[in-house]
Amino acid sequence: MSKFWSPIVSTLKPYVPGEQPRMANLVKLNTNESPYPPSEKAIEAIRAAAGADLRLYPDPVALGLREAIAARYGVSAGEVFVGNGSDEVLAHAFAALLKHDDPLLYPDISYSFYPTYAGLFGIDAVEVPLDAAFRIGIADYRRPAGAIILPNPNAPTGIGLPLAEIEALVARHPDQPVVIDEAYIDFGGESATALVPKYDNLLVVQTFSKSRALAGLRVGFAIGQRPLIEALERVKDSFNSYPLGRAAQAGATAAIKDEAWFEATRGKIIASRARLTAELERRGFEVLPSQANFVFARHPGHAGQTLAARLREHAVIVRHFAKPRIADFMRITIGTDEECGRLIAALDAIL
Ligand code: PMP
């Protein structure tokens, strides 16, 4: 606290990102990055962009990238918004779309940036509890809402909702924006992008950080009908008219076009997830059914925090959350098979 701080700053509860430790030979399974390098075509495009043209501002509306994303998802470029990571896209959505008369609804166990943004933008929020099986029950969202946001699959549980349930939720709230955060959709979920032509209240947010292995480039996007996208554009142009640099635009454009890399890489991660789940279950863990590039697991005989601390002694970093209902769990990013093997070997030494 300082006398220079505004009242808003004094009350902010900033998001705490997973750590990026600088230890050698670390198995880093704590922030849901891809264990594989990005598409070679994306790296080439970034190299090509790193030249004399950097003296020039980038395209402020990133048209080439938006066209490439639009072609991939069967929409028009006007229905695509891009930003500096989906965190920034989400921030713009909070600022642009969330009405202040009724509260914003989101799951009580979910992405912890949502309460941070609600605080930043002064939006009342109601957290809707997950059911006993840690699932999002869409019937629980039948209550006055200014807007709804939920991740599908949810984080950190990894549990996905079928598209029919997302559609029922969107259809039931025709006067409220419903934001579906699909950061992890490509690892087995059903994307709601297909519903965008049908529903003017639906905004789908995705990222290049996970299934495209470009967390370091910071590119995310939203797909929705024109009026919602226009709202995001108004916020963006009131905040930073050049959110994406030349390298980010070039790299993401090449990445979204590299379907062969995408299919092969997500396939490897999905297969490793099945193997890791089986190995954990064999050792007595309960593993929630995951459609994401991580698993959420707990052991009946060992507290999550203790296990995470012991794993760290073996140079394996996983994520633990202090929230009481999920404090038993560890969230483990799917690594390469070699990394998953080191995790299992460390657990065998600990358990
Ligand atoms: N949504 C969810 C549910 C996430 O877990 C993350 C990653 N922390 C993001 C959005 C943001 O990802 P990025 O800003 O890298 O696109």
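In this text the structure is predicted, and so the values were computed from the model without any measurement. (Residues numbered from 1 in each chain as written. Predicted model: local features only at pLDDT ≥ 70, side-chain atom pairs only at ≥ 80, totals over all residues.)

### Examining the site of the ligand
Neighbouring residues of the ligand: Gly-85, Ser-86, Asp-87, Tyr-111, Pro-151, Ala-155, Asp-181, Ala-183, Thr-207, Ser-209, Ala-215 and Gly-220. Element by element, the count of residues in the shell around the ligand is highest for helix α4 (residues 85–97), at 3 residues. Within the shell around the ligand, the residues separate by chemical class into 5 nonpolar, 5 polar and 2 charged. (Near = placed C-beta within 6 Å. Helix = DSSP H or I, 4+ residues; strand = E, 2+ residues; numbered from the N terminus. Nonpolar A, V, L, I, M, F, W, Y, C, P; charged D, E, K, R; others polar.)

### Focus on α4
For α4, which comprises 13 residues, the first-to-last C-alpha distance of 18 Å matches the rise-based estimate of 18 Å (1.5 Å per residue) to within 8%. Across the 13 residues that make up α4, a large majority, 11, are buried. (Expected span 1.5 Å × (residues − 1). Buried ≥ 20, exposed ≤ 12 C-beta atoms within 10 Å, placed from the backbone.)

### What to know about the UniProt feature "modified residue: N6-(pyridoxal phosphate)lysine" (unreviewed entry) in the protein chain
With numbering matched to this structure, UniProt assigns "modified residue: N6-(pyridoxal phosphate)lysine" (unreviewed entry) to Lys-210. Within the secondary structure, Lys-210 sits in the loop between β7 (202–207) and β8 (220–224). Assessed through the 25 C-beta atoms surrounding it within 10 Å, Lys-210 is described here as buried. Apart from residues lying up to four places away in sequence, Lys-210 is in contact with Asn-32, Ser-34, Ala-183, Tyr-184 and Asn-293. (UniProt positions renumbered as here; feature names shortened; annotations may be inferred. Contact = placed C-beta atoms within 7 Å.)

### Notes on the domain arrangement of the protein chain
Domain boundaries in the protein chain define domain 1 (7–37 + 260–349) and domain 2 (55–257). Using only C-alpha atoms to locate each centre, domain 1 and domain 2 end up separated by 24 Å. In this complex, domain 1 contributes 29 residues to the contact, which on the side of domain 2 involves 25 residues. For the side of domain 1 that touches domain 2, the elements supplying multiple residues, two or more each, are α9 (259–282) and β10 (294–298). With 5 residues, the single largest contributor to the side of domain 1 that touches domain 2 is α9. For the side of domain 1 that touches domain 2, the residue count by class is 16 nonpolar, 7 polar and 6 charged. (Domains from an automatic or database assignment.)

### Here we look at the nonpolar core
Formed by 98 residues in total, the largest nonpolar core has its most connected members in Ala-93, Ile-148, Leu-203, Val-204, Ala-222 and Ala-252. The element contributing the most residues to this core is α4, with 7 residues. Mapped onto the domain boundaries, this core takes at least three residues apiece from domain 1 (7–37 + 260–349) and domain 2 (55–257). If we ignore the near neighbours within four places in the chain, the residues touching Ala-252 are Leu-65, Phe-208, Leu-214, Leu-217 and Val-219. (Core = buried A, V, L, I, M, F, W, Y, C linked by C-beta atoms within 7 Å.)

### A word on the UniProt feature "domain: Aminotransferase class I/classII large" (unreviewed entry) in the protein chain
Here the UniProt-annotated "domain: Aminotransferase class I/classII large" (unreviewed entry) positions come out as residues 25–347. Split by type, residues 25–347 is 37% helix and 15% strand. Its first and last C-alpha atoms lie 17 Å apart.

### As for the sheet that holds β10
Taken together, the 3 strands give an open sheet; going across it, the order is β9-β10-β12, and neighbouring strands pair in antiparallel fashion. Two strands lie at the open edges of the sheet, namely β9 (286–287) and β12 (330–333), each paired on one side alone. Where β9 meets β10, 2 bridges bridge the pair, whose relative direction is antiparallel. Counted as the bridge partner of Glu-286 is Arg-298 from β10. Strand contacts of α9: β9 and β10, with the helix running at about 10 degrees to β10, the strand carrying the most contacts. (Pairing = 2+ DSSP bridges. Axes fitted to C-alpha atoms, helices over the stretch in contact; angles between N-to-C directions.)

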